[in-house]
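In case you want the letters, here they are:
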Amino acid sequence: MSDRSHRFKLGRFECMVVNDGTFAYPHPAQIFFANAPKERLEQVLREHNLDSQQWEQYVSPYLSLVIDTGQHRVLVDTGADGMAPTTGKLVENLQAGGTSPEDIDVVILTHGHPDHIGGNIDSDGKPAFKNARYVMWKDEWDFWIPKPDLSQMKIDEELKQLLVTFARNNLPPIQGQLDLVDQESEIVPGIKAVSAPGHTPGHMAVAISSEGENLLCFSDAAIHPIHLEQPDWYSVFDLAPEQALASKRRLMDKAVADEALVFAFHFSFPGLGHIVQRGEEWQWQPIA
Ligand SMILES: [Zn+2]
């Protein structure tokens, strides 16, 4: 399997996971599991053959999803062009997979973080998907524009500045092609916006269904499989942690009830798998 793109079918929809590249997060134990009790964290990491001191980085792919419904070609998230030399490969990998940016007629932005909106614009600062309407949750847009309040986040100033800069560069240029949603509704037939606030104020999941088959794109409701095994653990990137945990529970319950295939933006390529319920917890079962 090439790690540039991965095709699969959902009912009669043709889908493709497209890789924008990878990013190495330093000190993952501290930033991903911000509230984990120390001893329990050590124990859980050992079960995953990891050590909190020696685990120096987590290399996350940045995965977008293309859904061709027959009527529409929908892209979910646009990667992190300009964030690191290892990111920004979305358009190249889309084209290698046989889709050009002009073919995309809907771009769904799950939230306003750099790794999800970084490919909104081209090198001229114009919308990179010129034939598309961009869709975002209204609370998300209202949070980032004109200037977000990040004072609750326990991250350093440099990282906060990165978030602000990416939003300022990548959101205003799409305003002329933008549709905001403020309730759970169909974006195009078979593709529905699902409210999942907490990671950010208007963080959105996407539920896709065709001919009785379901796919749930939960975006950053979990950024590491351990977030499924530990329902109460959250990362420093969650703006409103308690709300994020409630959204995570609702999404995982939905994935289990719908027997959905799940698409996870930050999990190992291609980010596809199933959620298995184990009592109060869940487990990630990647596709073979
Ligand atoms: Zn993310």
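The rules behind the values
- Residues numbered from 1 in each chain as written.
- Predicted model: local features only at pLDDT ≥ 70, side-chain atom pairs only at ≥ 80, totals over all residues.
- Heavy atoms only, no water.
- Helix = DSSP H or I, 4+ residues; strand = E, 2+ residues; numbered from the N terminus.
- Buried < 20%, exposed > 50% of the residue type's maximum accessible area, 1.4 Å probe, protein only.
- Contact = heavy atoms within 4.5 Å.
- Disulfide = S-S within 2.5 Å.
- Donors = N, O, S within 2.8 Å, 3.2 Å for Na, K, Ca; no water.
- Tetrahedral: all angles 85-135°; square planar, octahedral: opposite > 155°, others 65-115°.
- Core = buried A, V, L, I, M, F, W, Y, C linked by side-chain atoms within 4.5 Å.

**A word on the overall build of the protein**
Then comes step 1: Helix and strand content of the protein: 8 helices and 14 strands.
Then comes step 2: When its C-alpha atoms are laid out on the principal axes, the protein stretches across 50 × 45 × 35 Å.
Then comes step 3: Out of the 288 residues belonging to the protein, those deemed buried represent 56%.
Then comes step 4: Within the protein, residue pairs in contact and separated by at least 24 positions form 71% of the contacts whose partners lie at least 6 positions apart.

**With respect to the state of the cysteines**
Then comes step 1: In total, this model carries 0 disulfides according to the counting rule given.
Then comes step 2: Summary of cysteine pairing: C15 is not part of a disulfide, and the nearest cysteine sulfur, belonging to C217, is at 11 Å.

**Digging into the coordination of the zinc ion**
Then comes step 1: Coordination of the zinc ion by the protein comes from D115 (OD), H116 (NE2), D220 (OD) and H266 (NE2), over a distance range of 2.1 to 2.2 Å.
Then comes step 2: Geometry at the zinc ion is irregular, judged from the 4 donor atoms that bind it and their angles of 88 to 161 degrees at the metal.
Then comes step 3: Taken in sequence order, the residues that donate to the zinc ion follow the motif D-H-x103-D-x45-H. Taken together, the residues span a long stretch of sequence, with H116 in helix α4 (residues 114–117) and D220 in the loop between β11 (213–217) and α7 (226–229) at a distance of 104 residues. Pair check on accessibility: H116 and D220 agree, each one buried.

**Topic: unusual backbone geometry**
Then comes step 1: With an omega of 0 degrees, the peptide bond running from I145 to P146 counts as cis.
Then comes step 2: You can see P146 is positioned in the loop between α5 (138–144) and α6 (157–170).
Then comes step 3: Here the residue pair F269 and P270 is connected by a cis peptide bond, since its omega of 0 degrees sits within 30 degrees of zero.
Then comes step 4: Along the chain, P270 falls in the loop between β12 (261–263) and β13 (272–278).
Then comes step 5: Phi angles above zero are rare outside glycine, and E259 is one such case at about 45 degrees.

**Some words on the nonpolar core**
Then comes step 1: Judged by nonpolar contacts, the single largest core of 49 residues is most densely connected at F32, F33, V107, F129 and L171.
Then comes step 2: Elements with a minimum of two residues in this core: β2 (13–26), α1 (28–32), α2 (38–47), β3 (57–68), α3 (90–96), β6 (133–137), α5 and α6.
Then comes step 3: The greatest single-element share of this core, amounting to 4 residues, is contributed by α6.
Then comes step 4: Among all residues touching L171, those that are not within four sequence positions of it are I117, N120, M136, W141, W144, I145 and F166.

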